[in-house]
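A structural walkthrough
Residue strings, one per chain:
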Amino acid sequence: MVEKNAAKNADVSVPALGPLGMLRWAWTQLTSMRTALFLLLLLAVAAVPGSLFPQRSVNPEQVNQYLANNPGAGEWLDRFQLFDVYSSVWFSAIYLLLFISLIGCVIPRARKHAKALRTPPPRTPARLSRLPEHGTVPLPAEHDGGPSGAAVVQRAAELLRKRGYRVEARPEGPAPSVAAERGYLREIGNLVFHVSLIGVLGSVAVGGMFGYGGQRLLVEGESFVNTLVSYDSFSPGTNFSEESLVPFSIRLDRFEVEFDRESKTHFGQPIDFTASVTTTDTPGAEAQQKQLKVNHPVRIGGTAVYLVGNGYAPVVTVRDGNGDIAFQGPVIGVPQDAAYTSLVVIKVPDARPDQLGFVGFFLPTAVIGEDGVSFSADPSATIPQLNLNSYYGDLGLDAGDPQNVYVLDPSTLTELNSRNLDAGGIVLDAGTSYDLPEGKGSVSFDGLKRYVALDIRHDPGKVPVAVFSALALMGLGISLFVPRRRAWIKVVEAGARSGGTQSDGTGERIIEYGLLARGEDPRLVAEAAELRTLLEREWPGMVRERV
Amino acid sequence: MPSINEQLGAYSDLFMLLAAFAYAVGFIAFAWDLAKSNSTIRELEAGLLEAEARQLAAVGGPAPVKNAGRTAASGGALVSESMDYVKDSGKRKAARVAVSVAWIGVGIHAVAVVSRALAAARVPWGNMYEFLTTGALIVALVFMAALLRKDLRFMGTFVMLLVTIMLCAATMGFPTPVAHLVPALQSPWLVIHVSIAVLASALFTITFAMGVLQLLQDGRQKRLAAGGQDRLAFMRLVPSAVALENAAYRVNTVAFVMWTFTVMAGAVWAEAAWGRYWGWDTKEVWSFVIWVVYAGYLHARATRGWTGARSAWLSIIGYLCIIFNFTVVNLYFNGLHSYAGV
Ligand code: HEM
């Protein structure tokens, strides 16, 4: 009925609404609880595709792979931003609408609550017996030496105040009463919670704008200085400026790995990675020794350095056809399995007369399998060995096109060494050297180092996000677990109870109490019982024999 | 690093099997209690009516009228709306046996989990096997602890079945000998983040069962009110739909706060481990989805037209997301969390 009337009214007033009225109507809709609920559920649904399809923000390689494998569908998925779900137009639209709705919801509620905070507890209902929790306690008549109604009410008000209620005593009139309310904090908790969510979102945005992150591989003995050129890869925030890079430095002194050597079932599983590093906060500052471990980043100012990977870097010397050293140093081995079988690519553009290239594996503990192929049996470097194929020709680096350093494109090269050729593959044990066929040069395996993969990150939104999250959690707890309830206590003539107006003239009185929960309150019954106990203790009623 | 006690680990495995067996027996006993609820209630009502008739006859009042609506909807004198134990509930002998067996199961199970922890000298939740076995213990413990104060025996069948399945899945699907933690899991946050997550999940498990029962009871009450047949007679041992809804809401609020904390603690850990507090890793996506669904549930309870069955559905969907997050996401989606899988 009510809804029908409302609809009719709306019909009538539509022409008069005008654009402003329409806006107001839209605003009311957007900030309704129903819309909030709908948007919340929509947000949950919209987040799901991000776990079904690879995401650029998480793993761009996987996205390219997916696009290559599914050319038709992939393109369409990409058009709908299904590889960038969390920055997509539709996902952003949902959460922005949700947050607009949130703001539209919070402001009037805050205003209303501010008013409620200044308003005394509501008037005492005529019939407390209609409340969900209520009861009576007998009180001796005044002419039997009982206290006055006003005194009872004043004392009851005190008792309620001690229990955290805000009270207003109304001692005058035929039925003196006290009205009380508690749990104003509940609504404040709710507001704090919702406002903190806005704070979290804002802080995330700040981090995305002014933060940066990058990667760097560091071999034992090498140093990293926090400047743009030192990064292997770098992703700046939208408002990043180079000045925000604090030029601290970090040197990898030693990297130690501990493998499980006791367990039969988990033999060789890593149980500890420790990088010993030397850092300086700014150029020329005092050097400090620190330990960098998984789960324990090294923090320098607002920037943190994380240990995210590690591997072996065999030290190699390559001499070219002219007999000159064309390359010397550690080469990154990319681990392919738990035994650290590592992919190695060596490009030697400085070799003359022909450029040289090598591809193969580094095996920390080389053993020969039944099929004659070497593999690594253990992650420790007990029998280190390099197995390489070699090439000569044009590496294609001179064109200036960016190339992946971990991939060698053999299309413009001629094979020198491989299992398929008479020369065979190159097998180098530690400290040995090999002369390439046709006098193209030589390669030697001189030593072994370890390297670490570092993530270097700066996110100015981090601390505010943490603060707002903590506030949200606190607000949530308060809003869910602080009960909001009202209580009334009044003194009535026995005959005038339950709304009757006539007293029976005996002067017999009772204390009536009633409680009302505002919102969820499972402990209201217990509170009523507690209140009753208090009243009974304060005014031990005389149980009279009635005829 | 203290060494692994493989002998103790083997004992733990054995106890795990024994616990699963005890739970299976508990399941049968609870199911038996439900199955014979009809005859129990009939017996009880007959006794009640007789007593009442005798009393009334003595006073000379009118003949007793059976309070059909109330007894039919909820088991009359057998269950109370506040889920407190009532006087006659002790007459459910099968249920009493079931509870005793379940306690034995919990005892054995606790020994198994604790000995696993001692064998590995660390918290017993570092891989899928351990998540399942410890998670099952928490579910069982939470349920049994609740039983001490409230008569939730109507959910016994469900809980016993679930923990039996979890233990069997762990033992058969993911047998993992005791071992040290990989470096990525060596963090105090493993203790905090995972323990609260497991506890929250256990509470969500309870409310899931309540939600399903609420929907069944709701349908049944409507059918009975319309004069229909009672096709789910065992539901007489279950409180009314409204009582279930309110109880589930209370538990859900606690679980939701815990889940909120879990997500936040996870973010703190992710910051220390991977350099960012949030990265939409598949596990993070689903934890977020779960959080938002339950936030929706809390909103629904405050939205006109969304209380009752609809909010129960949201609670159920939330739980299905938790199951999905724990099974499919752990096993089939690759992400940063995947090492935690097996
Ligand atoms: C980012 C989106 C939101 C989230 C995650 C969220 C979450 C929550 C949660 C968890 C609660 C229950 C705890 C409490 O009472 O404080 C809640 C309550 C509430 N929310 Fe939201 N909320 C969101 C947006 C909104 C919006 C847009 C509105 C207004 C239209 C709104 C209005 C309310 C109200 C009125 C309550 C109190 C319900 C009650 O009295 O039980 N919320 N919200």
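Here is what the cut-offs are and how they apply
- Going along each chain's sequence as written, the residues are numbered from 1 onward.
- Going through the entries in the order they are written, you letter the chains from A and number the ligands from 1.
- Where totals are concerned, whole chains, interfaces and linings use all residues; where local detail is concerned, this predicted model gives features only for residues with pLDDT of at least 70, and gives and counts side-chain atom pairs only at 80 or more.
- Where side-chain values are given, they derive from all heavy atoms of the structure, hydrogens and water being excluded.
- Each helix is a run of DSSP H or I of at least 4 residues and each strand a run of E of at least 2, with the numbering of both proceeding from the N terminus.
- Buried means the residue's accessible area, taken with a 1.4 Å probe over protein chains only, is under 20% of the maximum for its type, while exposed means over 50%, and partly exposed covers the values in between.
- By definition in these notes, contact holds between two residues if any of their heavy atoms fall within 4.5 Å.
- To measure how exposed things are, a 1.4 Å probe is used in the Shrake-Rupley method; for residues, cover is taken only from the protein chains shown.
- Metal sites are built from N, O and S donor atoms within 2.8 Å, or 3.2 Å for Na, K and Ca, and they leave out water, so they may look incomplete.
- A four-donor site is called tetrahedral if each angle lies between 85 and 135 degrees; a four-donor site is square planar, and a six-donor site octahedral, when trans pairs exceed 155 degrees and the remaining angles lie between 65 and 115; all other cases are labelled irregular.
- Residues are labelled near a given molecule or strand when at least one of their non-hydrogen atoms is within 4 Å of it.
- Polar contacts, as counted here, are pairs of nitrogen or oxygen atoms within 3.5 Å of one another; within protein the pair requires one atom able to donate a hydrogen and one able to accept it, and residues that are adjacent in sequence qualify only if both atoms are side-chain atoms.
- Gly is placed with the polar residues, together with every amino acid not listed as nonpolar (Ala, Val, Leu, Ile, Met, Phe, Trp, Tyr, Cys and Pro) or charged (Asp, Glu, Lys and Arg).
- Domain start and stop positions are those given by an automatic or database domain assignment.
- Two parts placed together each lose some accessible area under a 1.4 Å probe, and the buried area is that loss summed for both.
- Note on definitions: salt bridges are taken to be side-chain nitrogens of Lys or Arg within 4 Å of carboxyl oxygens of Asp or Glu.

This part takes up the overall build of chain B. A tally of helices and strands in chain B yields 10 helices and 0 strands. Starting at the N terminus and ending at the C terminus, chain B contains elements arranged as α-α-α-α-α-α-α-α-α-α. Taking all 342 residues of chain B together, the buried fraction comes to 56%. Looking at chain B alone, contacts between residues at least 24 apart form 81% of all its contacts between residues at least 6 apart. As displayed, chain B offers around 14,200 Å² of accessible surface, 69% of which is attributable to carbon and sulfur atoms.

Next up on the list: the coordination of the iron atom of the ligand. Bound to the iron atom of the ligand are the protein donor atoms His194 of chain A (NE2) and His299 of chain B (NE2), situated 2.0 Å from the metal. Coordination at the iron atom of the ligand is octahedral, judged from the 6 donor atoms that bind it and the angles of 74 to 178° they form at the metal. On the criterion of chain membership, the pair formed by His194 of chain A in helix α8 (residues 184-210) and His299 of chain B in helix α9 (residues 282-300) is interchain, its members lying in two chains. A relative accessible area of 12% means that His194 of chain A is categorised as buried.

So, on to the site of the ligand. Of all residues adjacent to the ligand, which total 23 residues, the nearest are Cys105, Arg109, His194 and Ser479 of chain A together with His299 of chain B. The side chain of His299 of chain B places a nitrogen or oxygen atom 2.4 Å from a nitrogen atom of the ligand. Of all the secondary structure elements, the ones that give two or more residues to the shell around the ligand are α2 (33-47), α6 (89-118), α8 and α9 (462-481) of chain A together with α9 of chain B. Ranked by residue count, the leading element in the shell around the ligand is α6 of chain A, at 6 residues. Counted by class, the shell around the ligand contains 15 nonpolar, 7 polar and 1 charged residues.

Moving on, we come to the domain arrangement of chain B. Residues and elements named next belong to chain B. Considered domain by domain, chain B is made up of domain 1 (1-180) and domain 2 (182-342). Each partner contributes residues to the interface: domain 1 has 37 residues there, and domain 2 has 40 residues. Interface area, domain 1 with domain 2, both sides summed: about 3,100 Å², of which 76% is carbon and sulfur. The interface formed by domain 1 and domain 2 includes 0 salt bridges. Where domain 1 packs against domain 2, one counts 1 residue pair in polar contact (both at pLDDT 80 or more). When residues of the side of domain 1 that touches domain 2 are traced back to their parent elements, those giving at least two are α1 (6-35), α2 (37-59), α3 (68-73), α5 (128-149) and α6 (156-173). In terms of residue count, the dominant contributor to the side of domain 1 that touches domain 2 is α5 (8 residues). Broken down by class, the residue content of the side of domain 1 that touches domain 2 amounts to 23 nonpolar, 10 polar and 4 charged.

Assigned domains of chain A: these are domain 1 (27-110), domain 2 (120-182 + 483-542), domain 3 (206-310 + 455-471) and domain 4 (313-450). Put simply, the middle of domain 1 of chain A and the middle of domain 4 of chain A, counted by C-alpha atoms, are 46 Å apart.

Residue Pro353 of chain A follows Arg352 of chain A across a cis peptide bond; omega there is 5°. Here Pro353 of chain A lies in the loop between β14 (342-348) and β15 (355-363). For Asn295 of chain A, which is not glycine, the phi torsion reads 75° and is therefore positive. In this structure Asn295 of chain A comes out as buried when scored by relative accessible area, which is 6%. One non-glycine residue, Trp280 of chain B, lies in positive phi territory at about 55°. Here Trp280 of chain B is to be found in the loop between α8 (241-274) and α9. Under the relative-accessibility criterion, Trp280 of chain B is labelled buried at 18%.

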